[in-house]
Every structure is written in structure tokens, then in C-alpha cells.
Amino acid sequence: MISSARSVAEYLREVPEAERRVLRTLRREIRAAAPDAREFMKYGHPHYDLGGSLFAIARQKHFVALYVAEAAVVRAHRPALEGLSVGKSCIRFRPSQPVPAAIVADLIGAAAAARRDRRRA
């Protein structure tokens, strides 16, 4: 759902508690894996830029979404994401059935590392 919030903190305050918990966890994992990423609001939800847009998180009508701009990383993690709705660069899940924290941390860390490697090359 598109928000008119001007900051990620404001966005999170607008979200119902169940979704807020999941989004805060995703935010924490992104910030841990990519502390140098710039956090900002774009298209009504939080985005994270690391040499270009890398992650976005959003509350949708029926699910929470994690967008990862490194499609190859999402493809590589697809077996661990079995049972979830996974697109080319989007992972959608219900707040009552979040992605296991270890998988999220690994996927986010791998995407940040891939982006850094490409920036160095």
C-alpha cells in the first residue's frame, strides 16, 4: 500500500503491528548487511540505495514484500524460499508466515556483497 510518509520511521508507525514487526526485522537485516546503504522513501515505501536501488520493503494488501534488485541472488536462494511467492526480484509472504530469519539474513547479505563486488569491478 502506498504511503505518503516522509520517513521510514513515519511509514512504520502507520503500519499495523503484525506487519510492522516483520518490516522492522527486514529493515534491521538490511541495515546490518549494508550499513552504508542510503535509506529513503520512494514510491510510497522504504528503499535502500547502495550504488543504485538495492532493496525495498513494503506492506501490501495481503502480504509483506522484500524487493531485492540483485535478481541472481534471489534465483540462487529460490530453493530456500520454496512455498513462498517469489518473483524475479520480489519475495512476498504473509506476516503470520515470515521467511526464516537466517534465510533473510543470508539473502540480504549476499545481495549487498554482490552489489559491492560489482561496484569495485
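In what follows, the structure referred to is the one given above.
A brief report on the enclosed structure follows. All values reported here derive from a predicted model rather than from experimental measurement.

### Topic: the overall build of the protein
- Each helix and strand in the protein was counted, giving 4 helices and 6 strands.
- Secondary structure elements in the protein, listed N-terminal to C-terminal, are α-α-β-β-β-β-α-β-β-α.
- Here the protein has a C-alpha radius of gyration of 13 Å; the compact-globule value for 121 residues is 14 Å, and the two agree.
- C-alpha extents for the protein along the principal axes are approximately 40 × 30 × 20 Å.
- Burial status across the protein gives 44% buried among its 121 residues.
- Taking the contacts inside the protein whose residues are at least 6 apart along the sequence as the reference set, 54% of them involve residues at least 24 apart.
- Here the protein has roughly 6,600 Å² of accessible surface; of this, 51% comes from carbon and sulfur atoms.
- Here the protein carries 22 positive and 12 negative side-chain charges, and the mean point of each set is 3 Å from the other.

### Considerations on the pattern of salt bridges
- Applying the stated criterion across every chain yields a total of 9 salt bridges.
- The salt bridge partner of R21 is E17, with a shortest N-O separation of 3.9 Å. Highlighted residues: R21 and E17, both in helix α2 (residues 17–33), separated by 4 residues, approximately one helical turn.
- The exposure class assigned to E17 is partly exposed, which follows from its relative accessible area of 38%.

### Examining the nonpolar core
- With 34 residues, the main nonpolar core has Y11, L23, L26, F55, L66, I91 and L107 as its most contacted residues.
- Mapped by element, the contributors of at least two residues to this core are α1 (8–14), α2, β3 (53–59), β4 (64–68), α3 (71–77), β6 (90–93) and α4 (101–120).
- Not counting residues up to four positions away in its chain, the partners in contact with L66 are L26, I30, F55, A56, I57, S89, C90, I91, L107 and I108.

### Re the pairing of β3
- Most of β3 sits inside the fold, with 6 of its 7 residues counted as buried.
- Bridging between strand β2 (residues 45–49) and β3 involves 3 bridges; their strand directions are antiparallel. Paired with Y48 across the two strands is F55, which belongs to β3.

### Some details on the packing of α2 against α4
- At a closest axis distance of 9 Å, the pairing of α2 and α4 adopts a crossing angle of 40°. The two elements α2 and α4 cross, and the hand of that crossing is right-handed. Note on element contacts: α4 touches α2 through V104, A105, I108, G109, A112 and R116, opposite L26, E29, I30 and A33.
- Looking at the contact of α2 with α4 residue by residue, the class counts come to 7 nonpolar, 1 polar and 2 charged.

### Quick notes on the side chain of R20
- Positionally, R20 belongs in helix α2.
- On the accessibility criterion, R20 (16% relative accessible area) is buried.
- At 2.8 Å, the side chain of R20 and the backbone oxygen of L12 are in polar contact.
- In this structure the side chain of R20 is engaged in a polar contact, spanning 2.6 Å, whose partner is the backbone oxygen of V15.

What counts and what doesn't
Residues numbered from 1 in each chain as written. Predicted model: local features only at pLDDT ≥ 70, side-chain atom pairs only at ≥ 80, totals over all residues. Heavy atoms only, no water. Helix = DSSP H or I, 4+ residues; strand = E, 2+ residues; numbered from the N terminus. Rg over C-alpha atoms; globule rule 2.2 N^0.38 Å. Buried < 20%, exposed > 50% of the residue type's maximum accessible area, 1.4 Å probe, protein only. Contact = heavy atoms within 4.5 Å. Areas by Shrake-Rupley, 256 points an atom, 1.4 Å probe, with all protein chains shown as cover. Lys, Arg positive; Asp, Glu negative; His and termini not counted. Charge placed at Lys NZ, Arg CZ, Asp CG, Glu CD. Salt bridge = Lys/Arg side-chain N within 4 Å of Asp/Glu carboxyl O. Core = buried A, V, L, I, M, F, W, Y, C linked by side-chain atoms within 4.5 Å. Pairing = 2+ DSSP bridges. Axes fitted to C-alpha atoms, helices over the stretch in contact; angles between N-to-C directions. Left-handed = near helix turned anticlockwise from the far one by under 90°. Nonpolar A, V, L, I, M, F, W, Y, C, P; charged D, E, K, R; others polar. Polar contact = N/O pair within 3.5 Å; in protein donor to acceptor, adjacent residues only side chain to side chain.

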